[in-house]
Amino acid sequence: SQLIDKKYEPLFTRAILASLRDPRTMLSDLDCSKSFGNSALSQPSNSHCLRFNQKLGHLYESALNFLLEQSDQYNILASNYQLITPEKQTIGELDFLLQCPSDLSLIHLELAVKFYLIYNRNEQTYYPGPDARDNYQRKLSRLRDHQLTLTQRTDTKKLLPPALPEQVIQVQHLVHGIFFDHINGSLSSLPQAANPSVRRRKWLYCCEYTQHFSKVDKVKVIPKQLWLCTLDEELFEALIEVTVAELIGLSQQRCTMFTRSSKTTPYFLVPDTWPSI
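Just so you know, these numbers come straight off a predicted model, no measurement behind them. Per chain, the residues get numbers from 1 upward, laid out in the order the sequence is written. Only residues with pLDDT of 70 or above have their local features reported here, since the model is predicted, and side-chain atom pairs are shown and tallied only from 80 upward, although totals for entire chains, interfaces and linings are computed over all residues. Heavy atoms throughout the structure, all of them, feed into the side-chain values; hydrogens and water do not.

(A) Local environment of the nonpolar core. The criterion is simple. A nonpolar core is a set of buried Ala, Val, Leu, Ile, Met, Phe, Trp, Tyr and Cys residues joined through side-chain atoms within 4.5 Å. Each residue is assigned to one of three classes by its accessible area relative to the maximum for its type, calculated with a 1.4 Å probe on protein chains only: buried under 20%, partly exposed between the two thresholds, exposed over 50%. Core analysis: the largest hydrophobic core is formed by 50 residues, its most contacted members being Ile16, Tyr60, Leu64, Phe115, Trp203, Phe268 and Trp274. Listed by contribution, the elements that provide at least two residues to this core are helix H1 (9-20), helix H2 (56-70), strand E3 (90-99), strand E4 (106-117), strand E7 (169-182), strand E8 (199-205), helix H6 (233-238) and strand E12 (267-270). Any two residues having at least one pair of non-hydrogen atoms within 4.5 Å are treated as being in contact. Among all residues touching Tyr60, those that are not within four sequence positions of it are Ile16, Ser19, Leu20, Leu111, Val113, Gln225, Leu228 and Cys229. With 16 residues, the next largest nonpolar core counts Leu27, Tyr136, Val171 and Val198 among its residues. Runs of H or I in DSSP of at least four residues are treated as helices and runs of E of at least two as strands, each being numbered from the N terminus.

(B) Broad picture of helix H7 (residues 244-251). Looking only at H7, the buried set comprises Val244, Leu247 and Ser251. All buried residues of H7 fall inside an arc of 60° around its axis, so they share one side. Buried residues along H7 sit in contact with helix H5 (209-213), strand E9 (218-222), strand E10 (240-243), strand E11 (256-259) and E12. This arc describes the spread of directions from the helix axis toward the C-beta atoms.

(C) Local environment of the environment of Arg144. On the secondary structure map, Arg144 appears in helix H3 (residues 136-145). Sequence separation of Arg144 and Asp31 is 113 residues, and the distance between their C-alpha atoms is 8.9 Å. Residues in contact with Arg144, not counting those within four places in the same chain, are Leu30, Cys32, Thr149 and Gln192.

(D) Spatial organisation of the packing of aromatic side chains. Classification of ring pairs rests on two measures: the distance between centres of Phe, Tyr or Trp rings, Trp counted by its six-membered ring, which must be within 6.5 Å, and the angle between planes, read as stacked under 30 degrees, edge-to-face over 60 and tilted in between. Evaluation of the coordinates by the stated rule reveals 19 aromatic pairs. Between the aromatic rings of Tyr8 and Phe12, the centroid separation amounts to 5.9 Å while the plane-to-plane angle is 25°, which identifies the pairing as stacked. Judged by its relative accessible area of 23%, Tyr8 falls in the partly exposed class. Judged by relative accessible area, Phe12 falls into the buried class, the value being 3%. Pairwise contacts between aromatic rings join Tyr119, Tyr126, Trp203, Tyr205 and Trp274 into one cluster. Each ring is checked for a lysine NZ or an arginine CZ that lies within 6 Å of its centre and within 35 degrees of its normal; such an atom marks a charge sitting over the ring. Above the plane of the ring of Tyr126 lies Arg121, whose end atom (NZ or CZ) is 5.5 Å from the centre. In this structure, Lys220 packs its charged tip against the face of Phe236, placed 4.3 Å from the ring centre.

(E) Highlighting a negative patch on the surface. There is a patch of like negative charges on the surface, built from Asp232, Glu233, Glu234 and Glu237. Mapping Glu237 onto the fold places it in helix H6. The patches described consist of residues with a relative accessible area above 30% and no salt bridge, like charges being joined within 9 Å and nonpolar side chains (Val, Leu, Ile, Met, Phe, Trp, Tyr) within 5 Å. Per-residue accessibility takes into account occlusion by the displayed protein chains alone, with areas from the Shrake-Rupley method and a 1.4 Å probe. Here a salt bridge means any side-chain nitrogen of Lys or Arg lying within 4 Å of a carboxyl oxygen belonging to Asp or Glu. Charge assignment in this entry is limited to Lys and Arg as positive and Asp and Glu as negative, and neither His nor the chain termini are counted. Every charge is mapped onto a representative atom, which is NZ of Lys, CZ of Arg, CG of Asp or CD of Glu.

(F) Quick look at H2. The length a helix should cover is 1.5 Å for every residue beyond the first. For H2, which comprises 15 residues, the first-to-last C-alpha distance of 21 Å matches the rise-based estimate of 21 Å (1.5 Å per residue) to within 8%. Buried residues along H2 sit against H1, strand E2 (75-84), E3, E4 and E7.

(G) Focus on the pattern of salt bridges. Counted according to the given criterion, the structure contains 8 salt bridges. Here Asp131 makes a salt bridge to Arg133, at a shortest N to O gap of 2.8 Å. Residue Asp131 is classed as partly exposed on the basis of its relative accessible area of 35%. Through salt bridges that share partners, Asp22, Arg24 and Arg199 make up one connected network.

(H) Layout of the state of the cysteines. By disulfide we mean two sulfur atoms from cysteines, separated by a distance within 2.5 Å. One pass over the full model with this rule turns up 0 disulfides. Cys229 provides the cysteine sulfur closest to Cys49, a residue in no disulfide bond, and the two sulfurs are 14 Å apart. Given a relative accessible area of 40%, Cys49 falls into the partly exposed group. Residue Cys206 stays outside any disulfide, its sulfur separated by 7.6 Å from that of Cys207, the closest cysteine.

Listed below in structure tokens is the structure:
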């Protein structure tokens, strides 16, 4: 159910490209970095197929690379550029170095696509990912304290591409994602720096499925590559249908996103042991 049928790759590619242009990003401006103006990116008219047999982060980097290539507002000077010291130590990697043709300004752009479930315990609110070893606070700290500093630090500036113009580099981020509230709870407060307009959905445990969906015996599973996408009828029809038993079997192994129709909001169904590893 998580595999991508090759005949649907053009359709799924269009959905992923559209999702990157959605203004409902996960992260607002930070002190050290502004949110990238993705509204300047236009949906390309020419056909294009992403390579789906790669990790989610690399898939979305490829999608953004294509959108930037099609844009007349940005030139890509470097992508996935590794900062390596003379001693062959890798300090980090820059997702994109861009130049704006209009004023020749430079932008260091970092991309991330993340999903976090809002989890309340002992009057504390936590924001773990489907893999609970990941969480929002850790990602934000890593982004703010390391990734977004790589073009600003004295020790790393000398590791930038030699042909890069010597001028101020603006730091920007494009962090897309969705927060999931528990199905029985009201909307919880969002964590620090989260965009108030971020997309939100619901999650539930496998043992809670029949309590909420007793009359639903078949659903469509949404592959991880499309978790960020807005479903329409065409996308819904392309998804694989499974029985409730199959869905729960999948979801007891890992968090699984499912939907009942193109007009209903998708849910995360999570193992009964989650967030324990």
